[in-house]
Amino acid sequence: MIVDIDRLPREGLKISKDFELLHDEIIEEDAVFLLPLHADITVKKVGEEVYVKGKIQTLLSFVCSRCLVPFEFPVDSAFDLVYLPEELEMAKEELDSDDLNISFYYSRKIDLREVALEQLNLTFPVKPLCSEDCQGICPVCGKNINSGDCACVTKDSDSRMEKLKIFMKDER
Ligand SMILES: [Zn+2]
Ligand SMILES: [Zn+2]
């Protein structure tokens, strides 16, 4: 879905499209797409600046980094970007280089599939979690502790109790 900057209609271009992406194109390697990536994007040229604005929606299945159970991760995110001609990249320092919303276009083209993919990657958490307070798995038996304590936890606290009782007996 490559847009030719010089062929943009004066009133701008509006697209509404589903992108079929492969899971190895996204930064979260274990994720699986449950729905295609839907993008609504408007592209408008003002002078040499190109305004790329829109939203992306999809549904992915992530693997929780603590308990390793897959969970659904919905994406519904808006973005508002300005693309400048590549000649200006040299002057980037003078521009507000910290501004993440400024990008550059090359060979007078913008690939909207790339734009949508980049925006999708930005929505991903560093460590995907099925829930903020996920208990993870037991390091001994590998059981998912979210569904109740495993035998090791109870056994462990029992033996600790025993030791404590013995200790208290000795004191007397
Ligand atoms: Zn989890
Ligand atoms: Zn265990």
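The text that follows walks through the structure, step by step, so that each part is easy to find.

The rules behind the values
Residues numbered from 1 in each chain as written. Chains lettered and ligands numbered in written order. Predicted model: local features only at pLDDT ≥ 70, side-chain atom pairs only at ≥ 80, totals over all residues. Heavy atoms only, no water. Core = buried A, V, L, I, M, F, W, Y, C linked by side-chain atoms within 4.5 Å. Buried < 20%, exposed > 50% of the residue type's maximum accessible area, 1.4 Å probe, protein only. Contact = heavy atoms within 4.5 Å. Donors = N, O, S within 2.8 Å, 3.2 Å for Na, K, Ca; no water. Tetrahedral: all angles 85-135°; square planar, octahedral: opposite > 155°, others 65-115°. Salt bridge = Lys/Arg side-chain N within 4 Å of Asp/Glu carboxyl O.

### Focus on the nonpolar core
Point 1. Ranked by size, the top nonpolar core spans 35 residues in total, and within it Val50, Val52, Leu60, Ile110, Leu112 and Leu120 carry the most contacts.
Point 2. For Val52, the residues in contact, after removing those within four places along its chain, are Ile41, Thr42, Val43, Phe79, Asp80, Leu81, Tyr83, Ile110, Leu112 and Val115.

### Focus: the coordination of the zinc ion (ligand 2)
Point 1. Listed as protein donors to the zinc ion (ligand 2) are Cys138 (SG), Cys141 (SG), Cys150 (SG) and Cys152 (SG); their distances from the metal cover 2.2 to 2.3 Å.
Point 2. Seen from the zinc ion (ligand 2), its four donor atoms lie at angles of 104 to 115°, and the figure they make is tetrahedral.
Point 3. When its relative accessible area of 2% is taken as the criterion, Cys150 is described as buried.

### Concerning the pattern of salt bridges
Pairing between side chains of opposite charge can happen when their charged atoms approach one another.
Point 1. Under the definition given, this model contains five salt bridges.
Point 2. Salt-bridge contacts for Arg7 lead to Asp4; the nearest nitrogen and oxygen are separated by 3.9 Å.
Point 3. Taking relative accessible area as the criterion, Arg7 reaches 71% and is therefore assigned exposed.
Point 4. With a relative accessible area of 26%, Asp4 lands in the partly exposed category.
Point 5. Connected through shared salt-bridge partners, Asp6, Lys45, Glu48 and Arg108 make up one network.

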